[in-house]
Amino acid sequence: MTSPAVPVVRVAPIPKQKRQTFVQWLKSNGWRHAIAWVAVAFAVTPVLWVVSAAFTTNPTISSGSLIPTDPTLDNFKRLLNNPDQPYVNWYVNTMLLAIIVALFTVLIGAGAAYAFSRFRFKGRKVGLMFLLLVQMFPQFLALVAIYLIMAQVSDVFSGIGLDSLIGLGLVYLGGAMGINAWLIKGFFDTIPMEIDESAKVDGASHGQIFWGIILPLAAPVLAVVGLLSVIFTINEFVIASALLQSPQKLTLAVGLQQFIGEKYSENWGPFAAGALLAAIPVVLLFIFLQRFIVGGLTQGSVKG
Amino acid sequence: MIQRLIAQLGGTPALLLKLLFLGLVNGMTVWAIPTMISNQSWVMMAVLVVATLALDFILLTSRYIPAKYVIIGAIFLTIFQLIPIFYNVSIAFTNYSTGNIGTKPDAITAIVRDSAAESEDSTSYDMLPTRNATGDLVLILTPQVIAADTPVDATDPMAPSASADPGLEEFGGEPAASEPALEEFGGAETTPSAAPSGDLTSGTNDLNVATDAEASDLPPTYAGTNDGLDELPASDVQRDEFGTVVSATGFVNVPPDELSTLESEFNDLAIPGPQGGVIKPQGYATAAELVPTLTYDAAADTFTSLDTGVVYSNNGSGNFANPDNVEDVLVPGWREYIGFTNFTNVFTDSQIRDPFIAVFIWTFVYAILSVFLTFVLGLSLAIVLNKPRMRGQRIYRALLVLPYAVPAFLSILVWAGLLNDDFGAINSVTGWNVPWLFDPFWARVSVVLVNLWLGFPYMFLVSTGALQSIPSELQEAARVDGARSFQVWRRVNMPLLLVALAPLLIASFAFNFNNFNGIYLLTGGGPAMDNSEVAGATDILISYTYKIAFSAGQGNDYGLASAISIYIFIIVGTISAISFARSRALREDRA
Amino acid sequence: MRRSLRAAVATSAVAAVAFGSLLAAPAAMAAGNIIFWTDADRAPAVRTLFANGYQGSTVTVVVKDFGKIRDDLATVTPDAAPDVIMGANDWVGELAVNGSIVKLNLATKAKAGLSAGAVQAFNYNGKQYGTPVAVENIALITNASLVKTQPKTFDELSTQALALKKAGKVDIPLAVQQGAGGDAYHMYPMFTGLGGFIFGTTAKGAYDVKNIGVFNKVFAANASIIDGWNKSGLVNSKVTGDIATAAFTSGKAPFWITGPWNLDKIKAVGFKYRISAVPPIIPGTASVPFIGSQGVMLTKYAAAHGVEAAATSLVTEFMAGEKAQYQLSALNDRFPANTAAAARVSNAQLKAFGLAGKGGVPIPNVAQMNAVWGPLGAAWVNSTKGAGAMPAAKAFAQAQVAIKKAVAAG
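Residues numbered from 1 in each chain as written. Chains lettered and ligands numbered in written order. Predicted model: local features only at pLDDT ≥ 70, side-chain atom pairs only at ≥ 80, totals over all residues.

### A word on the overall build of chain C
Along its length, chain C carries 18 helices and 15 strands. By residue count, 61% of the 410 residues in chain C fall in the buried class. Sequence separation of at least 24 residues holds for 75% of the intrachain contacts in chain C that already meet a minimum separation of 6. (Helix = DSSP H or I, 4+ residues; strand = E, 2+ residues; numbered from the N terminus. Buried ≥ 20, exposed ≤ 12 C-beta atoms within 10 Å, placed from the backbone. Contact = placed C-beta atoms within 7 Å.)

### Side note on the overall build of chain A
A tally of helices and strands in chain A yields 14 helices and zero strands. Counting from the amino terminus, chain A carries its helices and strands in the arrangement α-α-α-α-α-α-α-α-α-α-α-α-α-α. Looking at the 304 residues of chain A, the share that counts as buried comes to 50%. Restricting to contacts in chain A with at least 6 residues of sequence separation, those with at least 24 account for 75%.

### Remarks on the sheet that holds strand 13 (residues 294-297) of chain B
All names here are of chain B. Taken together, the five strands give an open sheet; going across it, the order is 13-14-15-16-17, and neighbouring strands pair in antiparallel fashion. The open sheet is flanked by strand 13 and strand 17 (325-330), the only strands paired with a single partner. Neighbour-to-neighbour, the strand axes of this sheet turn through a mean angle of 35°, independent of strand direction. Sheet topology note: the strand 13/strand 14 (residues 302-305) ladder contains four bridges and is antiparallel. Across the sheet, T295 pairs through a bridge with T304, a residue of strand 14. Its contacts with the sheet place helix 5 (residues 104-115) against strand 13, strand 14 and strand 17, and it is angled at close to 150° to strand 13. (Pairing = 2+ DSSP bridges. Axes fitted to C-alpha atoms, helices over the stretch in contact; angles between N-to-C directions.)

### Quick notes on the pairing of strand 5 (residues 221-225) of chain B
Residues and elements named next belong to chain B. Taken across its five residues, strand 5 has four buried, putting it largely inside the fold. In this structure, strand 3 (residues 137-143) lies alongside strand 5, joined through three bridges in antiparallel fashion. What sits directly across from L139, in strand 5, is G224. Taking the residues between adjacent antiparallel strands as the criterion, strand 5 and strand 6 (residues 228-232) are bridged by two residues.

### Quick look at the confidence of the model for chain C
Residues and elements named next belong to chain C. Averaged over chain C, the pLDDT score is 85; the fraction of residues at 70 or greater is 91%. Under a pLDDT of 50 for its full length, residues 24-30 has, in the predicted model, seven contacts with residues more than four places off or in other chains. For this predicted complex, the interface score ipTM comes out at 0.85, while the overall pTM is 0.77. (pLDDT = per-residue confidence, 0-100.)

### Brief notes about unusual backbone geometry
V331 of chain B connects to P332 of chain B through a cis peptide bond whose omega is -5°. Along the chain, P332 of chain B falls in the loop between strand 17 and helix 9 (341-348). The phi dihedral of D163 of chain A falls on the positive side, at around 55°, and the residue is not glycine. With respect to the secondary-structure elements, D163 of chain A resides in the loop between helix 5 (143-156) and helix 6 (165-173). With 21 C-beta atoms packed within 10 Å, D163 of chain A lands in the buried category.

### Looking at helix 10 (residues 241-249) of chain C
Residue and element names in this part refer to chain C. Burial runs high along helix 10: eight of the nine residues are buried. G241, I243, A244, T245, A246, A247, F248 and T249 are the residues of helix 10 that are buried. Positive backbone phi, approximately 80°, marks G251, located one or two places after helix 10.

### A look at the domain arrangement of chain C
Note on interface size: it is often stated as the accessible area lost on association of the parts. All names here are of chain C. Taken as a whole, chain C is organised into domain 1 (33-135 + 292-354) and domain 2 (139-288 + 366-409). Relative placement of domain 1 and domain 2: their C-alpha centres are 29 Å apart. Counting residues at the interface gives 10 residues for domain 1, matched by nine residues for domain 2. Elements with a contribution of two residues or more to the side of domain 1 that touches domain 2: helix 4 (92-98) and helix 16 (348-356). Among the elements that line the side of domain 1 that touches domain 2, the one with the most residues is helix 16, at four residues. The residue makeup of the side of domain 1 that touches domain 2, split by class, is four nonpolar, two polar and four charged. (Domains from an automatic or database assignment. Nonpolar A, V, L, I, M, F, W, Y, C, P; charged D, E, K, R; others polar.)

### Thoughts on the nonpolar core
Judged by nonpolar contacts, the single largest core of 199 residues is most densely connected at L143, I146, I184, I239 and A275 of chain A together with F76 of chain B. In this structure, A275 of chain A is in contact with V50 and L256 of chain A together with L410 and V414 of chain B, ignoring residues within four places of it in sequence. Ranked by size, the runner-up nonpolar core spans 171 residues in total, among them A223, F266 and A287 of chain B together with W91 of chain C. (Core = buried A, V, L, I, M, F, W, Y, C linked by C-beta atoms within 7 Å.)

### Examining the interface of chain B and chain A
Listed by partner, the interface residues are 94 residues for chain B and 90 residues for chain A. For the side of chain B that touches chain A, the element with the highest residue contribution is helix 4 (residues 65-92) of chain B, accounting for 18 residues. Its residues placed into classes, the side of chain B that touches chain A shows 64 nonpolar, 24 polar and six charged.

### Regarding the domain arrangement of chain A
Taken domain by domain, chain A consists of domain 1 (22-74) and domain 2 (80-298). Using only C-alpha atoms to locate each centre, domain 1 of chain A and domain 2 of chain A end up separated by 33 Å.

### Remarks on the pairing of strand 14 of chain B
All names here are of chain B. The hairpin turn running from strand 13 into strand 14, its antiparallel successor, is four residues long, and D301 in that turn takes a positive phi close to 55°. Where strand 14 and strand 15 (residues 311-314) come together, three bridges link them in antiparallel fashion. Across the sheet, residue F303 finds its bridge partner in strand 15, namely Y312. Linkage of strand 14 to strand 15, two consecutive antiparallel strands, is achieved through a turn of five residues, within which G309 is found at a positive phi near 80°.

### Observations concerning the environment of W182 of chain A
Residue and element names in this part refer to chain A. Its location among the elements puts W182 in helix 7 (residues 178-188). For W182, a count of 22 C-beta atoms within 10 Å gives the class buried. Along the chain, W182 and A112 lie 70 residues apart, while their C-alpha atoms are 8.7 Å from each other. The residues touching W182, leaving out its near neighbours within four places in the chain, are L131 and L132.

### Observations concerning the packing of helix 3 (residues 42-60) of chain B against helix 4 of chain B
Residues and elements named next belong to chain B. Contact geometry for helix 3 and helix 4: axes closest at 9 Å, N-to-C directions at 170°. When the interaxial angle is binned, helix 3 and helix 4 end up roughly antiparallel. Touching V47, A51, A54, L55, I58 and L59 of helix 3 are A67, K68, I71, I75, I79 and I83, all from helix 4. Looking at the contact of helix 3 with helix 4 residue by residue, the class counts come to 11 nonpolar, no polar and one charged. (Parallel < 35°, antiparallel > 145°, perpendicular 65-115°, else oblique.)

### A few points about helix 11 (residues 393-400) of chain B
Among all positions in helix 11 of chain B, only Q393, Y396, R397 and L400 of chain B are buried. Relative to the axis of helix 11 of chain B, the buried residues are bounded by an arc of 95° and lie together on one face. Of the exposed residues in helix 11 of chain B, the ones pointing more than 90 degrees away from its buried face are R394 and I395 of chain B. Looking at the buried positions of helix 11 of chain B, the neighbouring elements they touch are helix 1 (22-54) of chain A together with helix 10 (350-385), helix 12 (402-405) and helix 15 (440-469) of chain B. (Arc of directions from axis to C-beta.)

As structure tokens, then:
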């Protein structure tokens, strides 16, 4: 199932060790543990800080304890009961948008990858190069233009233009094909053509091969592309902040940024609670899909 | 199960689904065409029609099978990536910015409208909308007169008079001191007289501040129609105790709840006034005589001032201007193509050039530092943890990857709080007093530090992957040859690693070159630089561009922002092109 | 193939009809609905005012981030665009230049009922673009339990504040917010107190943007006073709004320069306090604040929405009146621009703020003001950042040059 092109982190089984002296241990593995501990502290402390603040009543940003002395849910109540900052809407908006966009991104990317991997046609090379080139122009550089286009779209199809999550999702899909098609194609290329050939002999159409054979086989890379897309959507700030206007239609990135804005000391507690709630599903998804991720990363995509 | 379902869909149901989808798309396009024609959105219409036809053609014929799999992605790519790029280029050649955002006809309309002014001694009128016997709208107009001795309120902070030192009152302390003020508020809120609804429905307004109700002083009242003003006999006019006209004999008041239906009738009203201007309604209860101060000559495309005789002509860069004084322009202006001005200004206008160069240099420093530091840290940790017989590897790895798993925008906002100079946890826990986000140098340290935190897990992951893909036989062989372990590293592992990771490092550089969130959400590009209103010490090109286009309070210059974004594209494109040419991305394609 | 083509055409036709009926374009808002943009602070008050609509029109109140009201107005789609916005007087220049807001005619009576300065603050190029509804200014809040006698001069203030700091009773001698980006607005009383001004005025009373007084002769002669403040730590640019608020309300700052938007927090402190003007720094020169004015403006969209007369009436007739302004003030802790409503203000603290603003000047509403905030704020930051600060003379001279260049560049 795992293709040779996708190296996966293999954790070697730990054999039973012989007893050794402390100095020996320090020389062989001890210093490694020491460094690992320092690195882990660097990586984890800010996260713990937020978790602690989320459960502390009226925390200051500097409240000095990593473990809340008197844990409460006050911040969550303050966060969820503020009609001017409809956090629940932001949350639902973001998660739905991220999932739907990821779904379509995977389908669009896989479709293009299938065409470029399984068919030989005129303009194929040019098309591949073109995808790479276009990808170099970050979509949000053309923000002004995107804004004006969406304003025109609003005039014709109100509901999918400005201040619309559907419209925002459509804009994100504009960037769906480029690098993802490359990433998925790399994986498709490792699936032997013979599988297709024999299916064709059995009378399968190109559609049946795509949906029934290739896609299921490519599940690992599709998962990675989907995850990267989810992460991209959740993190995307610029386009969302330009296109969305109504408070109840914002995404988490835009909403929380406005919420915390210049009011760090005032809103720190509820913000920490909001950040915690927002991070949990993403971290879980990440852990769940982690075994696919390393492979996906080495294929050349960068966290957006 | 799902696969079986999909396989079954290969027949008629798939066709039906396809037809339904196409039907929806075609229907949407057909439905939208009339709207687009009336909006004159020709480009949009062309794109939509072409896209729809292409979709129909490719999905309904079997001549281009590969295209079936690309077409939908290609349409999205075209509409939301390619067209914006071209549009962006075209904006870069315009003066689209604060003061020049609309179309020329809009600008002319606005200039004409705003130029109609009250003349020096013009009059405001109390207005009462009524209907005459034949049902035509007639405005009952009474000139507004202010009694000469209108008191100036001493509490007006803008009143020029300096009153005596009132002495300072002390507030607060014991609760009793502040109670009364609070209680009075409660009262005001519930007092019926303060509720606006009562007055709104009664049809009067509360502007009757200073008129005196003595009949002899009262100004005359007129019935105003497009034929002119017609003075009404005083006996036909009924007034309230403030002297405000409430009705007139022979005319029926328009009921308050019907006022909102009068919009178009109001628009058609233009009552010739005594000053030679036109009396127009200014709301529901007042009217004013307006005299135009500018006239537009459509044939010559000029405005002429009726006061000074100055002729304002189209200056070719989006404004009507006085040829004798280039700064005497009429506002608003409109969008106009201005050639390469935006592109050249980046180099010739020191106001733009100086901050641009500083930002340009910092962008490279930031991107290079980010890649270098994250790579060094990530690789070091990968090496340290890449020891087969080490306990806790799995848990270390899981924890080290945590910064990568948390959505970056959240982490950055959290860091902005932690680094806060005075409230932030870092300064208060360590007892340092580092001006993290405040001082230009430390702010730069902060953005790099935070980016290191965000980025090292990625480098750790890919380095680990790459390390483990180096065949252990290769290392064993080298060691047998007598190479010492550092030599093994330098000669064997490092080259292999770099080959595997070079494309990723370049991709990471390109990403950080445009790492908007990493800058904007942490420092907003600040702190301010001395030589620019817009650029800050940590601004990279992309955040600088964003601020030029969208920054609050600094005006918006979309044209300039678009021009700079094209420069960014050229820079990133060149770097990426070189790297792709060298990388094996294309050679790996088994064409 | 033919069959499927025919089927596609048929489906398309059906779908077209379906779309036509389902999505029937909500072209333009239903007539008689006024869209009113305001910020979260004022929205409840505005909603109360228009709970029953306005003269037969409904009023839809849309809450926006205060700063976003101006930004979004430039880019909003015509359908969703507001007819009326509530905003600050210093927006007028930019919005008028863009053609986003339209000229109004305040009737003689309405004008007479409003603070003349506030009306003027919404006047741009001799044209009226808004009805002021509130005025606000910053004042000096003094912790009366720490400071027994109110200082009459800035020198006295400085002596008292530094003594308290030295005694370890307070952390921040004078809490006035700046932060990394600078805050020329909050520093303005000190700026005028040292003889600075931003734009001169022409004989006609319009702003003369060529005459920039950031580093005029008087100010230049007094600039070294700032260096003294920096050295003694009286004024430090690292103090942000957050810090200033926390320091004063916790009794760790004897003096705080802030505005009525912090009245809630001021009222909640557990000690006695006074509200007054910032005392003069050099004899004969008053330290006056900016007078900000909020008001309602009519946008160009009202005509297209078919509510022009209704929205105009709301802006120039209703909102100018005593009742609307008194209500707004009562719900929102701002000093009304309508003088009759102002006379009825019973909130003593609010009144004290009003008195402290005497002599204040409106924030210039010319578009060139955008070129001022940054450099002027930066000059204060650079000259009061403690160790390593730039001499004030140099910092403000730089600002003068930067502003001049920016204004000239347009």
